[in-house]
Amino acid sequence: MNVTVIGTGFVGVVSAAVYASFGHQVIGLDVDQRKIELLKQSIVPFYEPNLTELLAEQQKNGCLSFTTDYQQAIQDADIVIIAVGTPSAPDGQADLKYVLMSAESLAPFLKPDAIVVVKSTVPPGTLAKVRAAIDPLVKNSYHLASVPEFLREGSAVHDTLHPNRVVIGASSEQVYEKLELLHKPLQAPVVRVKPESAQMAKYAANAYLATRITFINQIADLCEKNGADVEDVIQAIGFDERVGSHYWYPGLGYGGSCFPKDVKELAAYSRAVGESGNLFVKVDELNTARLDRLMEKFTTEIGGWQDKKVAFLGLSFKPNTDDMREAPSTKIINRMIAAGASVLGYDPMAKPTLAQLNLAESEQRYRQVETISEACHEADVIFSVVEWPQIVSFEFAAIRNQAKQQWFIDARNQFEPQTLIKAGYSYIGIGRTR
Ligand code: NAD
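Residues numbered from 1 in each chain as written. Predicted model: local features only at pLDDT ≥ 70, side-chain atom pairs only at ≥ 80, totals over all residues. Heavy atoms only, no water.

## Observations concerning helix α5 (residues 97-106)
At step 1: Listed in full, the buried residues belonging to α5 are Val99, Ser102, Ala103 and Leu106. Projection of α5 onto a plane perpendicular to its axis shows the buried side chains occupying an angular sector of 105°, all on one side.
At step 2: The secondary structure elements touched by the buried residues of α5 are β1 (2-6), α4 (70-74), β4 (79-82), β5 (114-118) and α6 (126-134). (Buried < 20%, exposed > 50% of the residue type's maximum accessible area, 1.4 Å probe, protein only. Helix = DSSP H or I, 4+ residues; strand = E, 2+ residues; numbered from the N terminus. Arc of directions from axis to C-beta. Contact = heavy atoms within 4.5 Å.)

## A short note on the nonpolar core
At step 1: By size, the foremost hydrophobic cluster in this structure holds 58 residues, and its most contacted members are Phe298, Trp305, Leu313, Ile333, Met336, Phe383 and Phe396.
At step 2: With five residues, helix α12 (residues 279-302) is the single largest residue contributor to this core.
At step 3: With residues near it in sequence (within four places) discarded, Trp305 still touches Met295, Phe298, Thr299, Val310, Met336, Ala339, Gly340, Ala341, Val381, Phe383 and Ile409. (Core = buried A, V, L, I, M, F, W, Y, C linked by side-chain atoms within 4.5 Å.)

## A few points about the sheet that holds strand β13 (residues 407-410)
At step 1: Taken in spatial order, the six strands line up as β11-β10-β9-β12-β13-β14 in an open sheet, and their pairing is parallel. The open sheet has two edge strands with one neighbour each: β11 (366-368) and β14 (426-428). Taken over all neighbouring pairs, the strand axes of this sheet differ in orientation by 15° on average, direction set aside.
At step 2: Pairing between strand β12 (residues 381-384) and β13: four bridges, direction parallel. Looking at β13, one finds that Ser384 is bridged to Asp410. (Pairing = 2+ DSSP bridges. Axes fitted to C-alpha atoms, helices over the stretch in contact; angles between N-to-C directions.)

## Some thoughts on the site of the ligand
At step 1: By nearness alone, 26 residues border the ligand, and Asp30, Lys35, Tyr70, Thr86 and Lys261 come closest of all.
At step 2: Asp30 places a polar side-chain atom, nitrogen or oxygen, 2.6 Å from an oxygen atom of the ligand.
At step 3: The contact in question runs from an oxygen atom of the ligand to an N or O atom on the side chain of Lys261, over 2.8 Å.
At step 4: Contact with the protein chains hides 90% of the accessible area of the ligand, taken as 850 Å² for the molecule alone.
At step 5: Of all the secondary structure elements, the ones that give two or more residues to the shell around the ligand are α1 (10-21) and α5.
At step 6: Class assignment for the residues of the shell around the ligand results in 10 nonpolar, eight polar and eight charged. (Near = heavy atom within 4 Å. Polar contact = N/O pair within 3.5 Å; in protein donor to acceptor, adjacent residues only side chain to side chain. Areas by Shrake-Rupley, 256 points an atom, 1.4 Å probe, with all protein chains shown as cover. Nonpolar A, V, L, I, M, F, W, Y, C, P; charged D, E, K, R; others polar.)

## Things to note about the pairing of β1
At step 1: Most of β1 sits out of view: four of its five residues are buried.
At step 2: Alignment of β1 against strand β2 (residues 25-29), held across five bridges, turns out to be parallel. The residue of β2 that forms the bridge with Thr4 is Ile27.
At step 3: Crossover connection from β1 via α1 to parallel β2: handedness right-handed.
At step 4: Of the pairings in the sheet, the one linking β1 to β4 comprises four bridges and is parallel in character. Pairing of Thr4 across the sheet is with Val80, part of β4. (Right-handed = clockwise from strand over helix to strand, strands pointing away.)

## Overview of the layout of surface pockets
Empty space among the atoms can be located by rolling a probe the size of a water molecule over them.
At step 1: One number sums up the size of the second largest pocket: a volume of about 290 Å³.
At step 2: Surrounding the second largest pocket, 15 residues form its lining, Tyr254, Asn287, Thr288, Glu326 and Lys331 being those nearest its centre.
At step 3: Contributions of two or more residues to the lining of the second largest pocket are made by α11 (259-272), α12 and α13 (329-338).
At step 4: Here the lining of the second largest pocket takes five residues from α12, the largest share from any one element. (1 Å grid on protein atoms, 1.4 Å probe; cavity = no way out; pocket = protein on both sides within 12 Å on 5 of 7 lines; lining within 4 Å. Points joined across faces, edges and corners; volume = space filled by probe spheres on them.)

## Focus: the side chain of Asn334
At step 1: Relative to the elements of secondary structure, Asn334 occurs in helix α13.
At step 2: Here Thr330 takes part through its backbone oxygen, which lies 3.3 Å from a polar atom of the side chain of Asn334.
At step 3: Discounting residues that sit within four places of it in the chain, Asn334 has contacts with Leu357, Asn358 and Leu359.

## Quick word on unusual backbone geometry
At step 1: Even without being glycine, Asn50 reaches a positive phi, approximately 70°.
At step 2: Looking at where Asn50 falls in the secondary structure, it is placed in the loop between α2 (33-40) and α3 (51-60).
At step 3: With phi around 50°, Gln187 is a residue other than glycine that occupies positive phi space.
At step 4: When you line up the elements, Gln187 lands in the loop between α8 (173-183) and β8 (190-193).

Next up, the structure:
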């Protein structure tokens, strides 16, 4: 089949490379000329494990190419997949402008019976808006479907090749069959549903995971009031199969390109349909307020940031990615600096600009360094924020600077408190009393 993927971001590039690996003829299309020039040379403009190799292999095989030209990309496509961004609008609802712009741009070139698939995360009801954008400009009959994406950055290639399920939201047998055929090599369970159900399933999946994170953060806050340790609690509840021991991450709250945006969008959608008191509205509020609450706690425990040297470990929003969208570093470093600290940042992959960290170009009190040791050597506060393997496996006990008090803020509960306390650190975790 001829497949075109519109939007060559995290989702689009991975999807395009994976569909090409099934032997389809795939074109990746983007309006970003710079991105397309890089992709043409098999350079992935962001870090994602195993993606460069897959991309280069499919380009070498002649199955995958990239362009900025809509006519060239659409005119022969049997399936057109829209994978452009859907950021939150100021009112929190999904901003569909990129989806609708790409729908308008593709419409004049659609061949008869082509299927336009929306893979971007969008609220129920979006296909009607896409149809309204395409209909005035289209010459031929076409079909619409919704196939949401569930990949995780950092393991996107693996997740796309081995999905737990493929959810196909369509309204005709012909479309279900063709999209099932496209995904057949994945050998994954296929869930055939209405488009609205597919769209709700995507929001429900992310809202559930975000709620789990919020739930355990609430338990952690209570643990701090009574001497319990949230990690003990997690161990104890995990034996119940209905609860499970996986995916409990007490910490600074959820971040990244999807959870904050998707929960905000679901909350805004809830308000728009008259369900303003529901759980998702509250989850969004709690997560938004969490960083302030924890920064207050840390500030009190260390006695303020004035003149403190801070080693900030982990700049991306999670391990195995250099994505800075909604990363805690973008919200914390500038506050510490405003409060008088100086910060050395470390990350194995992410190299954010000062602007990405919301710092002025003239800022002298922030610098990124190449090693954990260099960041920590003179630090008054070691602030471990992202569980990169390089960080969690590091022997902090061995580099303890005995000449000064050093606080160790373990913002993801990745370390054994007693080991750090024995080494002489003043340990501060989440939901753990020392
Ligand atoms: P992204 O911002 O990395 O990439 C979007 C791309 O679309 C950009 O390269 C942009 O230039 C391009 N684009 C915008 N308008 C265009 C147009 N009119 N024509 C052609 N290209 C255009 O976004 P992403 O992270 O890949 O996310 C894409 C969608 O997938 C979003 O709806 C997101 O919520 C969803 N999603 C993302 C993830 C993730 O982990 N990143 C996971 C699942 C679902």
